[in-house]
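Overview (structure and organization)
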Amino acid sequence: MSASPPNVPGLRSFEALYRRLVWLYPAGFRRTHGTEAIEFFRDRYRTAFRQRGWPGALAAALRGYRDLIVSALLARWDERPFRRSGFPGRSNRELVGAIARDSVYAVRTLWRAPGFAVIAVATLALGIGANTAIFSVVNGVLLRPLPYPEPDRLVNVWQINHEWLDSPDPRFRNLGAKFPVSAAVTWDWVERAAALESVGAYNTNRPAMDFGDRVEQMWTAEVTSGVFDALAVPPHLGRVLVADDDRVGAELTAVLSYGFWQRQFGGDSAVIGQTVTLDGDAFAIVGVMPEGFYFPDPSAQVWTTLDDEAKQRPRDWQFLQAVGRMRPGLSVETAQLEMEAMNAQLTEDTAGDHKFGVRLIPRTTEVVGNVQRALLVLIGAVGLVLLIACANIANLLLVRATARRRELAVRAALGASRGRVMGQLLTESLVIGLLGGLVGLGLAVATFKPLLAFLPSSLPRTDEIFLDQRVLLFSLAASLATGLLVGVLPALSVSRTGITDVLREGGRGFTASGGRRSAHSLLVSSEIALAFALLVGSGLLVKSFVRLTSIERGFDATNVAMAFVTLRGERYGDEQTRTTFLTSFEERLAALPGALSVGFADNMPFGGGTSSTTMTVETLSGPQEINLQYSAVSADFFDALGIPLLAGRRFSGADRAGAPPVVVISEGAAREMWPDGDPVGKRMRRGSLDGEGEWKTIVGVVADTRHRRLDIEPRPKFYEPVHQVRRTAYIAVVKTQGDPNAVGSEARSILNELDPAIPVPRIATLEQQIANTVAMPRFRTLLITMLAALAGLLAVVGIYGVMAYATAQRTSEIGVRIALGARASDVVGDVLKRGAVLAGIGLAVGAAIAFAAVRVLDNLLYQTNTHDPAMFVGAGIVLGVAALVASYVPARRATRVDPVEALRTE
């Protein structure tokens, strides 16, 4: 079969599904007419797209699928009897013809009841459309394999810090389970790790790239050659990095992404041998990767070799992440055991210099592990909404089928079997399901781009989310399953009706049987139960999110702007030049209208990376080692962020290069090192106990601050003056009176005046940075809350419909009671009692379901008990009151029944 030229939007995906369906034909037919059928589908799709755009193309594709399925069934089973079909002695052609006639009749029946049809189709469309949209996200993020050959063999290789794992502090235990590696350890693994076919290490960076007419910061990845060996993706052009590129003294080389090559070099194949300049260093371009390749994420545009300094750093300089490819046929568990044995031998051979364990994690788990549970919870929640919608439509169909009892009884009297009657009813429900699926698919397509924009930036693999054939098949399967689900109960209920009893009723009204009343009650109670579970889950997530975002951070993020500045190259090689530049930049920023305070830091809360190091400190019991986070900051940094001073002093302008080295420590560091003493005046230095680092005097203590995530407790930390240490990347922090976004253009103009060669800085506000860290909790909380509200609304509508129907069936009874002197309050109380019973059963079952189901939220909640009684009671009150209100409306209507008219109907 010929390949499809993808020159018409959507043709590739629709044709891929059509090609799969072609296999429904017998083999002989496929060989003779398969290619012709695909070309006919392709031509019809193109013509429809040119004439009527997307709607016409979608309709043409669906017609093509329908025609193919019908003709394939007829071609494959034309004259064979279809056994167990309820049509003894009839051929499949006759069976398909009967189904077609039932479908046409079902469409005509729905056409005669447009109100019912619109409500049923719209309700299912909302449920199926929402499920299709969320499934497209799950498909792209979780189900689609990583874009590398045999991705199940890829693993991330971490070190284990046993000392941290054994720490009583959970902050260190979490960090110790996934510890970065050094280049030296990577080289050892390359030589010794037999479990890994290849292994390499990488580190993401954001250097300044010189484009000639401008300088910009560009996300890159510094990698060893083993990374490309492990990923096993051949280059589009040139070559990838090889082992010779890892040698000390080797030429600096780079590999470009396909998109970067197209944008900056116009797709010129002569790019091999040219150079790109990063932070003043020229890297020779040796290759271009194919379109669609990315690593470790789509932001990396260039992959470079490590510089000689990084290649020669000692074992305790752990700044890399490692990725490897296991040997064929090896499981992760077996590879883990082999790596542990190799690591034990490495520790012995290095005389204890290598102190860390090793841990393998599948690459897929590493990429999507943090969001897997959240996405599965979302698909489960939207599935519950669809089930509630199905229960509502099943109730409508049950009422509708009950009203058609006489018609169905006449058909049975004329010879239609019970199976034939059930088939007709199921065909009608399938038509409703398919129509709902078609409209739902249209809704999913229409809302696809807004959904992508709504997804949190922290969600991985968003560029791989699209509506492919798997999503289309899911939508089709959901439509068919929904159609069957909503139709089975009404079909079973009505098909059991006795012909004689129905015909004997003649034109008189009838009362629903106990079985049908039980079916109505079961459906409504099920709706309430599912809605209750969703409301409890939503309440827990909302409570968790409120607690997370209102937690004490240790600083004030209001109206704080940040500008990320890089000072690299020979010009800024000495301390005096950097100090002069930063001082000028700070003075110019402080002179801006509305600027209250300006500071600098090499990293800061939620605004940059984090660093930690081993320190030796003077304590009351003698020198001790401790691992501390650290930042280099300017004198006004604490004022700009509003970090409270608890003891001693902050930095001043006198704390510059050449002055006595000083530090300020956090409250947590003071509490851990001097729980009963004053740390001001004590000393600390970098390195272990036997090191020879320069002693620094502690001059102050400030409050703890959360650094990367709100749900992680602050770690002990120290600050040192930015002018007493060598740094190349800085963050300018500006506290303003008004909108902090206004600082951006001014900061760029100032930098351009001071030095046009400095890359254009990235501008952000601290509040935006914090919001980005809670984007995923906000997304799932908002979405599940919306789904819970929709579920509650559907459940209330369902109980209203049942009570209204039940009250209508009792019109004569109520009329007689009123005629005999019954009070209106008695009638209302009777109806409300039944509504309360239905709601009570639903709430009881829902509480049991919620109690078991909310356990899946355990890892998604912050300082919130999954079985919080307040959430269960609150959800019960909300649904219970709503159910009683929904029951009250038909109850009040029942009291207005005219007894004479009610009796006359008898």
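So, a few notes on the structure that sits alongside this text. Numbers given to residues run from 1 along each chain, matching the order in which its sequence is written. Totals for whole chains, interfaces and linings use all residues, but because this is a predicted model, local features are given only for residues with pLDDT of at least 70 and pairs of side-chain atoms are given and counted only at 80 or more. Only heavy atoms go into the side-chain values, all of them from the structure, while hydrogens and water stay out.

1. Overview of the pairing of strand β20 (residues 696–702)
Rule in force here: Partly exposed describes any residue whose relative accessible area lies between the buried limit of under 20% and the exposed limit of over 50%, with all areas from a 1.4 Å probe on protein chains only and scaled to the type maximum. Per the convention used, a helix needs a DSSP run of H or I reaching at least four residues, while a strand needs a run of E reaching at least two, with both numbered from the N terminus. In this scheme, strands are said to pair when DSSP sees at least two bridges between them.
Where burial is concerned, most of β20 is hidden: six out of the seven residues are buried. Pairing between strand β17 (residues 645–648) and β20: three bridges, direction antiparallel. Directly across from A647, in β20, lies its bridge partner V701. Judged from the five bridges that link them, strand β18 (residues 662–666) and β20 form a sheet pairing that is parallel.

2. A look at the pattern of salt bridges
Going by this rule: For this document, the term salt bridge refers to a Lys or Arg side-chain nitrogen within 4 Å of an Asp or Glu carboxyl oxygen.
Applying the stated criterion to the full structure yields 28 salt bridges. A salt bridge links D244 to R247, with the nearest nitrogen and oxygen atoms 3.8 Å apart. With a relative accessible area of 45%, R247 lands in the partly exposed category. Among the salt bridges present, the one from D711 reaches R709, with a minimum N-O distance of 2.7 Å. By relative accessible area, R709 is classed as partly exposed at 43%.

3. A few points about the environment of R42
For R42, the position within the fold is in helix α2 (residues 27–76). Sequence-wise, R42 and A60 are 18 residues apart; in three dimensions their C-alpha atoms are separated by 9.8 Å.

4. Quick notes on the nonpolar core
Stated formally: Think of a nonpolar core as a cluster: buried Ala, Val, Leu, Ile, Met, Phe, Trp, Tyr and Cys residues, connected wherever their side-chain atoms sit within 4.5 Å.
Ranked by size, the top nonpolar core spans 60 residues in total, and within it V141, L375 and I799 carry the most contacts. Elements represented by at least two residues in this core include exactly α4 (114–143), α12 (363–403), α15 (448–454), α18 (514–549), α24 (775–809), α26 (824–853) and α27 (869–894). Counting residues per element, this core draws most heavily on α24, at 12 residues. Among the nonpolar cores identified, the runner-up in size contains 31 residues, and L548, I551, F564 and V702 belong to it.

5. Focus on the packing of helix α7 (residues 183–192) against helix α11 (residues 332–349)
Under the convention used in this document: Note on geometry: axes are C-alpha line fits, over the in-contact stretch for helices, and angles between N-to-C directions span 0 to 180 degrees. By the definition adopted for this analysis, an angle is roughly parallel if under 35 degrees, roughly antiparallel if over 145, roughly perpendicular if from 65 to 115, and oblique otherwise. Less than a right angle of anticlockwise turn of the near helix away from the far helix marks a crossing as left-handed, whereas a clockwise turn marks it as right-handed. Residue contacts are counted whenever heavy atoms from the two residues lie within 4.5 Å of one another. As a working rule, the residues Ala, Val, Leu, Ile, Met, Phe, Trp, Tyr, Cys and Pro are called nonpolar, Asp, Glu, Lys and Arg charged, and the rest polar, with Gly in that last group.
Remark: α7 packs on α11, axes separated minimally by 11 Å, with the N-to-C direction vectors making an angle of 120°. As far as their axial angle goes, α11 and α7 are oblique. The element α7 and its partner α11 pack so that their crossing is right-handed. Contacts between α7 and α11 involve D188, W189 and R192 from the former and M339, M342, N343, Q345, L346 and D349 from the latter. Of the residues assigned to the contact of α7 with α11, the class counts are four nonpolar, two polar and three charged.

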